[in-house]
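# Coordinate inspection notes
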Amino acid sequence: MDSGLKVTDTPEESSFSDIVAGDNVINIPLFQREYKWTEKNLSQFWQDIEEILDGTKQSQFLGVIVTVRQPSQIGRPTIYDIVDGQQRLFTCYLAIMAAVRAALDEGKKEWALEVARTFLLLRPFSQHPTNTKLVPSAADRQQFKLAWDDIAAHSVLKEKGSWDVIGKPTPPHSSGPSSGKLIQQYIRLVRRFRKTFTDYGFERVEKTLQILTGSLSFVSISLRNPIAAPIIFERLNARGERITTADLVRNEIFSRVASEPTLAQVIFNNDWEPFQRKFLDAQVDLEKLLFPYGLALNHNTTKADLFSVLRVHWNTFEDTTDIIIDMDRFAPTIIALEKGLTESLPNELRQNILRLHRLGAPSSIYSFVCLVSDAASSGRLEVTTAREMLDVIEAFLARRAICGHEPTGLHAVFKGLWPELAKEGDLSATGVSKSIRKRPTIAWPSDQEFEHALRFGDLYSRKVCRYVLSEFELSEHGETPSDSFWIEHIMPQKLTDEWAGLYSEDQHKSSLNTFANLIPLTSKMNNDEGQNAFQLKRVAYKDSIFSTARSLALQFETWSLDDLNTRANRIVEWSLHRWKK
């Protein structure tokens, strides 16, 4: 880097050009997070470039880069693992890629290829199958390849021999999602360079490239011991962009094999990636598993000390893969509770846990449900007993939700429930019921309160409404209703003249959203029937796919207040049996 552009006296201050000079490769190791920068970060980055372009400043210091040099090997380039500074370096690299792409659009083929050869791609190495000067973390490699494919497939480069001098881009093997912040940032940068071409011409693009590669500076710190890298990463990021517990978990796992990169890659490919993939495919954040998992290990765990609890527990494991295996015990249950995906659960427990999902069970029960499911799966708890325990929890939560009780305070109930029952030797449905009942501040609605809510409560406005209507439908031996059904008000929401002959305004207001006045329908039938009189609705209900609607049409010829109350009697009787106290 030109000494006149440096902002520090340290000889380690370098430009991007210095960092990727010669055969140097920037490698994002396994314990690192994926690319995180957003449009806001890019705007700040671009503003630094524009201030240099406009002459406001000569250079811009972008901070410290911490690296670990991998051992040298014949047939391989010089590889530097990036411990800190990934976001800044990666953005520089993406910006240069975008400049190449925009230049190709303008027909600047030779310039684009020379830029790629100088700053983006390596000469061939016999023991290094990729030729990009930056290798992203595994989570970003699919997006990275898509960005390179966008360049390589450009029509300007279809002419035979275009890549002969430098070799066609061969990024690392694809892994991770095909969409995300990396590819989004690349697209934004391409747009910026296209706009630069349009507004200012090629000379401005050349100057921008010079700034990217020579006027943005970093102070580089090289670590001697690779084992220290994950620890440094953790410390440096503690006050920067928020580091999640999942980041720390991944960091902890791969810190144990930091001095064995080949083993680390095997563990990543065979253990960590399949484990992580379950959550990515289900669109469930791994964070959803970690706190329930920590509570299962120590019921006094708080979110603040969660990682410390996990680390202490894992210190008893000799094999790094055992950490992943231990967490994976709870993965099927967490995914089922979050998304209703039950394929990986024991067949006997699928319906129980699916009902808890549809009920909208709070995360405060997750740890206990995971322990029940794990014990049943491993044979330490009879499956019948496990189902009965889950039935009790479902009944407790359903009654509370129908009566309008918020889930406040349930964390204190469930976090220590398993160790309490285990200590008393009463891992049973009766034990669960007794433990909850002895907490005077946590309401378990009585039959009287529950009946009142069933008859007069505003079920329609409660989150539990779809679950309740679905359960009643299933009890009628009907179809298995999906979450997409529409909720039909038998007596319509608007009191028309015809309906006004059956209900006063007060009766309409008090009965409209009650359980007895609600049924599931398809969206089409719901829209078609709307404000119709009951005689017309009844004809349509007879052809509904839902048994609830068909039964209503057969049982009632009119829909007066007396009819509504008759149906309410049936609902109360069924509900008291379905969700027993």
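Above this text is the structure in question.
This report concerns the structure included in the present document. (Residues numbered from 1 in each chain as written. Predicted model: local features only at pLDDT ≥ 70, side-chain atom pairs only at ≥ 80, totals over all residues. Heavy atoms only, no water.)

## What to know about the environment of Ser178
- Turning to its location among the elements, Ser178 is positioned in the loop between α5 (141-152) and α6 (181-200).
- Here Ser178 falls in the partly exposed class, since its relative accessible area comes to 44%.
- Sequence separation between Ser178 and Lys145 is 33 residues; the distance between their C-alpha atoms is 9.2 Å.
- Not counting residues up to four positions away in its chain, the partners in contact with Ser178 are Gln142, Gln143, Leu146 and Ile183. (Helix = DSSP H or I, 4+ residues; strand = E, 2+ residues; numbered from the N terminus. Buried < 20%, exposed > 50% of the residue type's maximum accessible area, 1.4 Å probe, protein only. Contact = heavy atoms within 4.5 Å.)

## Some points on the side chain of Glu394
- Topologically, Glu394 is positioned in helix α17 (residues 383-402).
- If we ignore the near neighbours within four places in the chain, the residues touching Glu394 are Arg355, Leu356, Leu359, Tyr467, Arg578 and Trp579.

## Regarding the pairing of strand β2 (residues 24-27)
- Both faces of β2 are covered, namely the face carrying Asn24 and Ile26 and the face carrying Val25 and Asn27.
- Direction of pairing for β2 relative to strand β4 (residues 78-84): parallel, over a ladder of 4 bridges. Within β4, the residue paired with Asn27 across the bridge is Asp81.
- Across 2 bridges, β2 lies against strand β5 (residues 134-135) in parallel orientation. Bridge pairing links Asn27 to Val135 in β5. (Pairing = 2+ DSSP bridges.)

## Considering the layout of surface pockets
- Empty space within the second largest pocket amounts to approximately 650 Å³.
- Lining the second largest pocket are 34 residues; nearest its centre among them are Glu34, Lys36, Arg250, Gln276 and Leu280.
- Of all the secondary-structure elements, those providing two or more residues to the lining of the second largest pocket are α6, α9 (245-255) and α10 (261-282).
- Taken together, the residues of the lining of the second largest pocket break down into 13 nonpolar, 9 polar and 12 charged. (1 Å grid on protein atoms, 1.4 Å probe; cavity = no way out; pocket = protein on both sides within 12 Å on 5 of 7 lines; lining within 4 Å. Points joined across faces, edges and corners; volume = space filled by probe spheres on them. Nonpolar A, V, L, I, M, F, W, Y, C, P; charged D, E, K, R; others polar.)

## Comments concerning the packing of aromatic side chains
- Using the criterion set out here, one finds 26 aromatic pairs in the structure.
- Relative to Phe515, the ring of Phe472 lies with its centre 5.7 Å away and its plane at 75°, an arrangement referred to as edge-to-face. One end of the pair, Phe472, is in helix α22 (residues 465-475); the other, Phe515, is in the loop between α24 (505-511) and β8 (518-521), and 43 residues separate them in sequence.
- Taken together through their ring pairs, the aromatic side chains of Phe450, Tyr467, Phe472, Phe515, Trp574 and Trp579 make up a single cluster.
- If you follow Arg204 out to its NZ or CZ, it ends over the ring of Tyr200, 4.2 Å from the centre.
- It is Arg466 that lies over the ring of Phe485; its NZ or CZ is 5.0 Å from the centre. (Phe/Tyr/Trp six-rings, centres within 6.5 Å; stacked < 30°, edge-to-face > 60°. Lys NZ or Arg CZ within 6 Å of the ring centre and 35° of its normal.)

## What to know about the pattern of salt bridges
- If you walk through the whole model with that rule in mind, you get 36 salt bridges.
- The salt bridge partner of Arg355 is Glu394, with a shortest N-O separation of 3.0 Å. Placement of Arg355 in helix α15 (residues 350-359) and of Glu394 in helix α17 is noted, with a sequence separation of 39 residues between them. By the burial criterion, Arg355 is buried, and Glu394 matches it.
- Close ionic contact of Lys434 with Asp426 constitutes a salt bridge, the shortest N to O distance being 3.9 Å.
- Salt bridges sharing common partners tie together Arg355, Arg358, Asp391, Glu394, Glu471 and Arg578. (Salt bridge = Lys/Arg side-chain N within 4 Å of Asp/Glu carboxyl O.)

## Topic: a nonpolar patch on the surface
- A surface patch of nonpolar side chains, about 210 Å² in accessible area, is lined by Phe61, Val64 and Ile221.
- Tracing the backbone shows Ile221 in strand β6 (residues 216-223).
- Overall, Ile221 belongs to the partly exposed group, its relative accessible area being 40%. (Patch = residues over 30% accessible without salt bridge, like charges linked within 9 Å, V, L, I, M, F, W, Y side chains within 5 Å. Areas by Shrake-Rupley, 256 points an atom, 1.4 Å probe, with all protein chains shown as cover.)

## Digging into α17
- Relative to the 28 Å expected for 20 residues at 1.5 Å per residue, α17 spans 28 Å between its end C-alpha atoms, a close match to the ideal helical length.
- Counted residue by residue, α17 has 14 buried out of 20 residues, so it is predominantly covered.
- One or two residues past the end of α17 sits Gly404, with phi positive at roughly 90°. (Expected span 1.5 Å × (residues − 1).)

## Digging into the packing of α17 against helix α20 (residues 429-437)
- Two elements in contact, α17 and α20, have axes separated by 7 Å at closest approach and are oriented at 30°. Between α17, through Glu388, Met389, Val392, Ile393 and Phe396, and α20, the contact on the second element is made entirely by Ala429, Val432, Ser433 and Ile436.
- Taken together, the residues of the contact of α17 with α20 sort by class into 7 nonpolar, 1 polar and 1 charged. (Axes fitted to C-alpha atoms, helices over the stretch in contact; angles between N-to-C directions.)

## Looking at unusual backbone geometry
- Phi angles above zero are rare outside glycine, and Gln283 is one such case at about 60°.
- For Gln283, the position within the fold is in the loop between α10 and α11 (287-297).
- For Gln283, a relative accessible area of 65% translates into the label exposed.

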